[in-house]
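# Chain and residue survey
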Number of protein chains: 2
Amino acid sequence: MKTVIIGGVAGGASTATRLRRMDEKAEIIILERGDFISFANCGLPYHIGGVIQEREKLLVISPEKLKNTFNIEARVKHEALSIDTKKKTVNVRDLSNGREYTESYDKLVLSPGATPIIPPIPGVDLPGVFTLRSIPDMDRINDFVTEKQATRAVVIGGGFIGLEIAENLQDRGVQVTIIEMLDQVMAPIDYEMAAMVHQHLDFKHVRLALSDGLKAIDADSPLNVTLQSGRVVGTDMVILSVGVRPETSLAKDAGLELGLRGTIVVNDHLQTSDKDIYAIGDAVQIKNIISGKEVNLPLAGPASKQARIVADNIAGRDMAFKGVQGTSIVKVFDLTVASTGLNSKQLADLGLPFKDVIIHASNHAGYYPGASPMAFKLLFSPEGKIYGAQLVGVEGVDKRVDVIATAIRAGMTVYDLEELELAYAPPYGSARDAVNIIGFLAGNVLRGDLETIDWNMVDKMDREKNVFLDVRDPEELAIGMIDGALNIPLGELRQRLNEIPHSKRVVVYCQVGQRGYFATRILKQNGFDVVNLNGGFKTYSHVTC
Amino acid sequence: MKTVIIGGVAGGASTATRLRRMDEKAEIIILERGDFISFANCGLPYHIGGVIQEREKLLVISPEKLKNTFNIEARVKHEALSIDTKKKTVNVRDLSNGREYTESYDKLVLSPGATPIIPPIPGVDLPGVFTLRSIPDMDRINDFVTEKQATRAVVIGGGFIGLEIAENLQDRGVQVTIIEMLDQVMAPIDYEMAAMVHQHLDFKHVRLALSDGLKAIDADSPLNVTLQSGRVVGTDMVILSVGVRPETSLAKDAGLELGLRGTIVVNDHLQTSDKDIYAIGDAVQIKNIISGKEVNLPLAGPASKQARIVADNIAGRDMAFKGVQGTSIVKVFDLTVASTGLNSKQLADLGLPFKDVIIHASNHAGYYPGASPMAFKLLFSPEGKIYGAQLVGVEGVDKRVDVIATAIRAGMTVYDLEELELAYAPPYGSARDAVNIIGFLAGNVLRGDLETIDWNMVDKMDREKNVFLDVRDPEELAIGMIDGALNIPLGELRQRLNEIPHSKRVVVYCQVGQRGYFATRILKQNGFDVVNLNGGFKTYSHVTC
Ligand SMILES: Cc1cc2nc3c(=O)[nH]c(=O)nc-3n(C[C@H](O)[C@H](O)[C@H](O)COP(=O)(O)OP(=O)(O)OC[C@H]3O[C@@H](n4cnc5c(N)ncnc54)[C@H](O)[C@@H]3O)c2cc1C
Ligand SMILES: Cc1cc2nc3c(=O)[nH]c(=O)nc-3n(C[C@H](O)[C@H](O)[C@H](O)COP(=O)(O)OP(=O)(O)OC[C@H]3O[C@@H](n4cnc5c(N)ncnc54)[C@H](O)[C@@H]3O)c2cc1C
Ligand SMILES: CC(C)(COP(=O)(O)OP(=O)(O)OC[C@H]1O[C@@H](n2cnc3c(N)ncnc32)[C@H](O)[C@@H]1OP(=O)(O)O)[C@@H](O)C(=O)NCCC(=O)NCCS
Ligand SMILES: CC(C)(COP(=O)(O)OP(=O)(O)OC[C@H]1O[C@@H](n2cnc3c(N)ncnc32)[C@H](O)[C@@H]1OP(=O)(O)O)[C@@H](O)C(=O)NCCC(=O)NCCS
């Protein structure tokens, strides 16, 4: 059995190694048009920033070692030009000498990845304009910064790669401006969560232009970036990180069925429309297990797991890939931003009714030094099915997103989160972990113990019909208050109920939502019509300040 | 409705606050015989070590604040002396003045906790001999260390409280010796995992006497601790931390049904044998969801979750507590030690057939700075049901134990771990997280792709029938080797198969197990009878060096 694999990095190389383990006698050939196989794509920004100092560390395994250890032949600088699905051959060009040849296969695996999108505007081909996908891309950026002593950069796109590049350039002393078409960075998370990232970028002196797009780049002083708003930003360099496009020209030309955004269509065995051709990674369309819809999720985790499944299928096992949920994480300076599942916008687009709660919880027991807050949002169905979670914080974010990701995979409900028995000692968590607490709160909402409103309702509320009640202590009010709110500290509430009008709905808030909830319970059981501000004044002020 | 709660800390206070939220009109009285309600038991060792500097931080909420915020009456220094289940009254003594009185109840909640076990040996009542459970206990230890300028301490018992105390005293400049009756510290984890803790304690200059017990303490220079082995250790102070005994004399005298080790028997609504009396926390017997057996799990997480359920039941809701799985974690100097579910000994005692795998994985991508290794053991049924996990490492241990704890709760299998979509970016994990990898390995074992043997078989193996094959590179052998092993580096294996006797079983090993597995696949498919050493030379050397 001869397997040819196109693409020799996250998906391709992992397919090859697993296939070797499953089948010692198989013939396995990797075709990689780039200079390197098996490099750590995800580490590229960190070498630019000097965090990963040795470039060699990014080269996870060499073709020689792949040969010795796995008896796999990896041909770098070999580009697959076309596939003949009838003859089961691939036409290949050796880029080092231009020679073309034909390689036959019994099974073919496509893991060609994706290419950075280059917006079709003037100036994107100027020197000093870059994308980042490969080792040579990284080397070019690195050399440019060093040689030109660049002090200013414009990063186009505030997705996770854009943010990583921004942080790393900034760490290297380059003043970064991020341009983002949407009104927020990090599309996977909701606006009020992204607002915390905006504040943090500002704190780290990264300039941020939201709701603005790239119009043109001119070779002037040395570069001028003109935005759709008309604003002009002078810079030494521009990094385009506006997303990636699946690399599927080969598949298309071979007549394989394509789906969403030109991705390759695969079944749950990761077979394309040609049963002898498999495809994985950034190039494919895959089912989202929560929405049931096909999506493209260009991340390394799914690619490397699909690789293992494809190898098993080729080796004669019967393995299915169940789908993705979209778990992601990114470091943005001192913050960690993570999410799993669907966000508000996706749920709204799908027409799925949902509820959400936001807490600001501590990563571990507050009395143990070093506790830091996390904003934690949970989205769920009216029946309690967990749709998604988003977290922004300094420590402990990666843990909670993984717990929720596991819970989603298991089909757990918010009620299950209430019961999770997570590891507790003061340096690591709380007797009720943030995951339990968010489960409590979601459960409270679903059981009807608590109604909440979101930050974006506050300024829309009719003050004739609603009264804001701030239950924080007087010394906390200096941080800011909602205009016109009545202040009765929680500890005095039961004695001062008569100060609250029964004729209006009471919108309670405190700093993070907890005392607001406690107050809500008191008021509700005293006959008031009452709602609590989700995430408290903290979330509201992230968005409004 | 009048509810009286006996015990005002983790379980008791949490019952009271939740009950108030569920029922604004309820009468709620807490009886606490100690000086404080709601203190952070789990923080006590860290105040001794100066890690938590302010003592007030340990006092989570005061009776006054409980009154103002929750309208709950907490009476400290009030001891419940007896319960009259017929009359539904509690006989109480006000310890501040000796006055006794009777308090009636509609519902009674017992959350009396547990008391440190004092071994019945001579000298345990000497000055300088302590236990640690309450704020006054902590104050006494603190004052003693300061006043006597103690420089030596003996800690009896190497459970999690003993280890926390050891670390904190040592940090404070006190030379600690731990005496442990078993052959290992941290009973919840298996021996080869505990062996890493032993090495680390040694590295931190804590002295450790295993398989030895306390025989007597004598008032001499200032104290002499005599061990069962005959060894005598001179010390300034002794801390007894040999476990806790459920505090159930009240329940017993009231005729409530008692179970395992004198714990209070409760149903899944946490009702005792008297339907108007509930019990929770350290004092009760509770079902282990994995074994189905009744256990006593004296930890704060379960206590505080049971509290919420009892409050709901009293408030007229129908809530069940499903049971515990035994998730725990402890910081031991630079290490984190965590486990969830059942360990080898428990599984053997239950007669449940099981398999286990051990990996040494990185907490995050190896190419990103600061990666550190974790030893990670997974125990599972022949069908793939996850029975338990144990981890020892520097970073990222708490995350993995929580993911596995969630997976166990959800009834997931090792095959589900292979598929988990966990958050990956280089600072946080790997494209295949350690949890995926351990799932792969367990899946490989169950699918018959790999057979393993454990470290404890190595020295028992008949060398006539088994040959050890070390597939590490020559430069790694200086760390140590298994006696008589043949060395063929993995990269040369396919060329040198003829050097390996076909007549014997081949026991392959490498440093951590991964290359051993790769070699196993090569050999197996070349017709060899082959097994891989679980956890590699690393686990073996933890135990033998
Ligand atoms: C800067 C950066 C940071 C990232 N960070 C993260 C992260 O933190 N977490 C995360 O999960 N993911 C991250 N990713 C995404 C992750 O790297 C990809 O999802 C993953 O590499 C996809 O694997 P793949 O095999 O589909 O594609 P790739 O790994 O890109 O491999 C595809 C290979 O195929 C080759 N190829 C394409 N066409 C041909 C052809 N015709 N002939 C021969 N060879 C061909 C390409 O040269 C390429 O090397 C990051 C990506 C980048 C660029
Ligand atoms: C030093 C230390 C460290 C710990 N660390 C951790 C940790 O890291 N993680 C973890 O999960 N758990 C930890 N624990 C365990 C945790 O504190 C307990 O599991 C938890 O407090 C149990 O709650 P409880 O309500 O059952 O008992 P407690 O919190 O002990 O409360 C019981 C209270 O009842 C009172 N009482 C008893 N009898 C009477 C009576 N007759 N009348 C009136 N009052 C009475 C007692 O005075 C006591 O204050 C630790 C415990 C200690 C001592
Ligand atoms: C290096 C590379 C070729 C894959 O190699 P690989 O050997 O298949 O995979 P890993 O290194 O992840 O190791 C996993 C294998 O080792 C096994 N393993 C890991 N630790 C083990 C241990 N302690 N004992 C036994 N087996 C172990 C796993 O079970 C798995 O084998 P399996 O799939 O047959 O079950 C591929 O990951 C790669 O090219 N990486 C760089 C590119 C990339 O991933 N980029 C995106 C992220 S930056
Ligand atoms: C402090 C103490 C009295 C409990 O107070 P509590 O208010 O019931 O509990 P917590 O502080 O954990 O807060 C949880 C409550 O706040 C709610 N909450 C938390 N954050 C919230 C937010 N941002 N928005 C809305 N509600 C929130 C939770 O839903 C939960 O309420 P519920 O049970 O009605 O659903 C009790 O935990 C205690 O005595 N602790 C010290 C002793 C101890 O636990 N020792 C062992 C560990 S060291």
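Residues numbered from 1 in each chain as written. Chains lettered and ligands numbered in written order. Predicted model: local features only at pLDDT ≥ 70, side-chain atom pairs only at ≥ 80, totals over all residues. Heavy atoms only, no water.

## Things to note about the overall build of chain A
Regarding its fold elements, chain A presents 15 helices and 31 strands. Radius of gyration (C-alpha) of chain A: 26 Å, near the 24 Å computed for a compact globule of 545 residues. Within chain A, the fraction of its 545 residues that count as buried is 62%. In chain A, of all internal contacts separated by at least 6 residues, the share reaching a separation of at least 24 is 62%. Here chain A holds 59 positive side-chain charges and 68 negative ones, and the gap between their average locations is 3 Å. (Helix = DSSP H or I, 4+ residues; strand = E, 2+ residues; numbered from the N terminus. Rg over C-alpha atoms; globule rule 2.2 N^0.38 Å. Buried < 20%, exposed > 50% of the residue type's maximum accessible area, 1.4 Å probe, protein only. Contact = heavy atoms within 4.5 Å. Lys, Arg positive; Asp, Glu negative; His and termini not counted. Charge placed at Lys NZ, Arg CZ, Asp CG, Glu CD.)

## What about empty space enclosed by the protein?
Under the criterion given, the structure shown has 4 cavities of 30 Å³ or more. Empty space within the largest cavity amounts to approximately 80 Å³. Considering the residues around the largest cavity, the lining is formed by A:Glu419, A:Leu420, A:Glu421, B:Gly301, B:Pro302, B:Lys305, B:Phe321, B:Lys322, B:Gly323, B:Val324 and B:Arg409. At 3 residues, the largest contribution of residues to the lining of the largest cavity is made by helix α8 (residues 300-314) of chain B. When grouped by side-chain class, the residues that make up the lining of the largest cavity number 4 nonpolar, 2 polar and 5 charged. (1 Å grid on protein atoms, 1.4 Å probe; cavity = no way out; pocket = protein on both sides within 12 Å on 5 of 7 lines; lining within 4 Å. Points joined across faces, edges and corners; volume = space filled by probe spheres on them. Nonpolar A, V, L, I, M, F, W, Y, C, P; charged D, E, K, R; others polar.)

## Overview of the sheet that holds strand β12 (residues 207-209) of chain A
Residues and elements named next belong to chain A. Read from one edge of the open sheet, 5 strands run β9-β16-β10-β11-β12, paired in parallel fashion. The open sheet has two edge strands, β9 (129-130) and β12, and neither has a second partner. Sheet analysis places β9 next to strand β16 (residues 237-240), joined by 2 bridges and oriented parallel. Directly across from Val-129, in β16, lies its bridge partner Val-238. On top of the sheet, helix α4 (residues 135-147) reaches β9 and β16; it is set at about 160 degrees to β16, its chief contact. (Pairing = 2+ DSSP bridges. Axes fitted to C-alpha atoms, helices over the stretch in contact; angles between N-to-C directions.)

## Brief notes about the site of ligand 3
Lining the immediate surroundings of ligand 3 are 29 residues, of which A:Thr17, A:Arg18, A:Arg21, A:Arg308 and B:Tyr517 lie closest. At ligand 3, the nearby residues belong to more than one chain, namely chains A and B. In this structure, an oxygen atom belonging to ligand 3 sits 3.4 Å away from a side-chain N or O atom of A:Ser14. A distance of 2.6 Å separates an oxygen atom of ligand 3 from a polar side-chain atom of B:Tyr517. Elements represented by at least two residues in the shell around ligand 3 include exactly α1 (10-22) and α8 (300-314) of chain A together with α12 (434-446) and α14 (514-525) of chain B. Per-element tally for the shell around ligand 3: the top contributor is α1(A), with 6 residues. A class-by-class count of the residues in the shell around ligand 3 yields 18 nonpolar, 7 polar and 4 charged. (Near = heavy atom within 4 Å. Polar contact = N/O pair within 3.5 Å; in protein donor to acceptor, adjacent residues only side chain to side chain.)

## Points about the pairing of strand β22 (residues 328-332) of chain B
Residue and element names in this part refer to chain B. Most of β22 sits inside the fold, with 5 of its 5 residues counted as buried. Taking every second residue as pointing to the same face, both faces of β22 are buried, with Ser-328, Val-330 and Val-332 on one and Ile-329 and Lys-331 on the other. Sheet topology note: the β22/strand β23 (residues 335-341) ladder contains 5 bridges and is antiparallel. Within β23, the residue paired with Ile-329 across the bridge is Ala-338. Following β22, the chain reverses through 2 residues before pairing antiparallel with β23; Phe-333 in that reversal takes a positive phi of roughly 55 degrees.

## Observations regarding the interface of chain B and chain A
At the interface, 84 residues of chain B touch 84 residues of chain A. Between chain B and chain A the total buried area reaches about 7400 Å² when both faces are included, carbon and sulfur atoms providing 54% of it. Linking chain B with chain A are 14 salt bridges. For B:Arg494, the salt bridge goes to A:Glu24, with nearest N and O atoms at 2.6 Å. Along the contact surface separating chain B from chain A lie 42 residue pairs in polar contact (both at pLDDT 80 or more). Element by element, the count of residues in the side of chain B that touches chain A is highest for helix α10 (residues 397-409) of chain B, at 9 residues. Partitioning the side of chain B that touches chain A into residue classes produces 40 nonpolar, 19 polar and 25 charged. (Buried area = accessible area lost by both parts, 1.4 Å probe. Salt bridge = Lys/Arg side-chain N within 4 Å of Asp/Glu carboxyl O.)

## Notes on the environment of A:Gln184
All names here are of chain A. Turning to its location among the elements, Gln-184 is positioned in the loop between β11 (175-179) and α6 (191-203). Of the residues examined, Gln-184 reaches a relative accessible area of 9% and is grouped as buried. Beyond its immediate chain neighbours, meaning those up to four positions away, Gln-184 contacts Ile-189, Asp-190, Tyr-191, Ala-194, His-198 and Leu-210. Reaching out from Gln-184, the side chain makes a polar contact with the backbone oxygen of Met-186 at a distance of 3.0 Å. Polar side-chain contacts of Gln-184 include one of 2.7 Å to the backbone oxygen of Ile-189.

## Focus on the relation of the copies chain B and chain A
With an axial shift of 0.0 Å and an RMSD of 0.0 Å, the rotation relating chain B to chain A amounts to 180 degrees. What the superposition gives is, in effect, a two-fold axis relating one chain to the other. Looking at the interface residues of chain B, 100% of them are also at the interface in chain A, so both copies use one shared face. (Least-squares fit on C-alpha atoms with pLDDT ≥ 70 in both.)

## Examining the site of ligand 1
Near ligand 1 there are 33 residues, and of these A:Gly11, A:Glu32, A:Ser111, A:Arg133 and A:Asp282 occur at the shortest range. Neighbouring residues of ligand 1 are not confined to one chain but are distributed across chains A and B. Within the contact set of ligand 1, an oxygen atom lies 2.8 Å away from a side-chain nitrogen or oxygen of A:Ser111. One nitrogen or oxygen atom from the main chain of B:Tyr424 is found 2.9 Å from a nitrogen atom belonging to ligand 1. Considering ligand 1 on its own, with 990 Å² of exposed area, one finds that the protein chains cover 95% of that surface. Looking at the shell around ligand 1, the elements that each hand over two or more residues are α1, β2 (27-32), β4 (78-84), α5 (160-171) and α8 of chain A. (Areas by Shrake-Rupley, 256 points an atom, 1.4 Å probe, with all protein chains shown as cover.)

## Section: the environment of B:Tyr387
Residue and element names in this part refer to chain B. Among the structural elements, Tyr-387 can be located in strand β26 (residues 386-393). For Tyr-387, a relative accessible area of 7% gives the class buried. Separated by 116 residues in the primary sequence, Tyr-387 and Gln-271 have C-alpha atoms spaced 28 Å apart. Residues in contact with Tyr-387, not counting those within four places in the same chain, are Ile-290, Thr-340, Gly-341, Leu-342, Leu-347, Leu-352, Pro-353, Phe-354, Leu-379, Phe-380, Ser-381 and Ile-408.

## Details of the sheet that holds strand β2 (residues 27-32) of chain B
Residues and elements named next belong to chain B. With parallel pairing, 5 strands are arranged side by side in an open sheet as β3-β2-β1-β7-β19. If you trace the sheet from one side to the other, it starts and ends with β3 (73-76) and β19 (277-279), each paired once. The average angle at which neighbouring strand axes cross in this sheet is 15 degrees, direction not considered. Note that strand β1 (residues 2-6) and β2 share 5 bridges and pair parallel. Paired with Lys-2 across the strands is Glu-27, a residue of β2.

## So, the confidence of the model for chain A
Per-residue confidence for chain A gives a mean pLDDT of 98, with 100% of residues at or over 70. Across the predicted assembly, pTM comes out at 0.98 and ipTM at 0.98. (pLDDT = per-residue confidence, 0-100.)

## Re α6(A)
Residue and element names in this part refer to chain A. Taking 1.5 Å as the rise per residue, α6 with 13 residues should run 18 Å; its terminal C-alpha atoms sit 18 Å apart, in good agreement. Among all positions in α6, only Glu-192, Met-193, Ala-194, Ala-195, Met-196, Val-197, His-198, His-200 and Leu-201 are buried. Of the residues trailing α6, His-205 is marked for its positive phi of about 65 degrees. (Expected span 1.5 Å × (residues − 1).)

## Quick notes on the side chain of A:Arg432
By the element assignment, A:Arg432 lies in the loop between α11 (414-419) and α12 (434-446). Despite its burial, A:Arg432 remains without a salt bridge, the nearest opposite charge being carried by B:Asp312 at 9.1 Å. Among the polar contacts made by the side chain of A:Arg432, one reaches the main-chain carbonyl oxygen of B:Ser304 at a distance of 2.9 Å. Setting aside residues up to four positions removed in sequence, A:Arg432 forms contacts with A:Ile437, A:Phe440, B:Ser14, B:Ser304 and B:Arg308.

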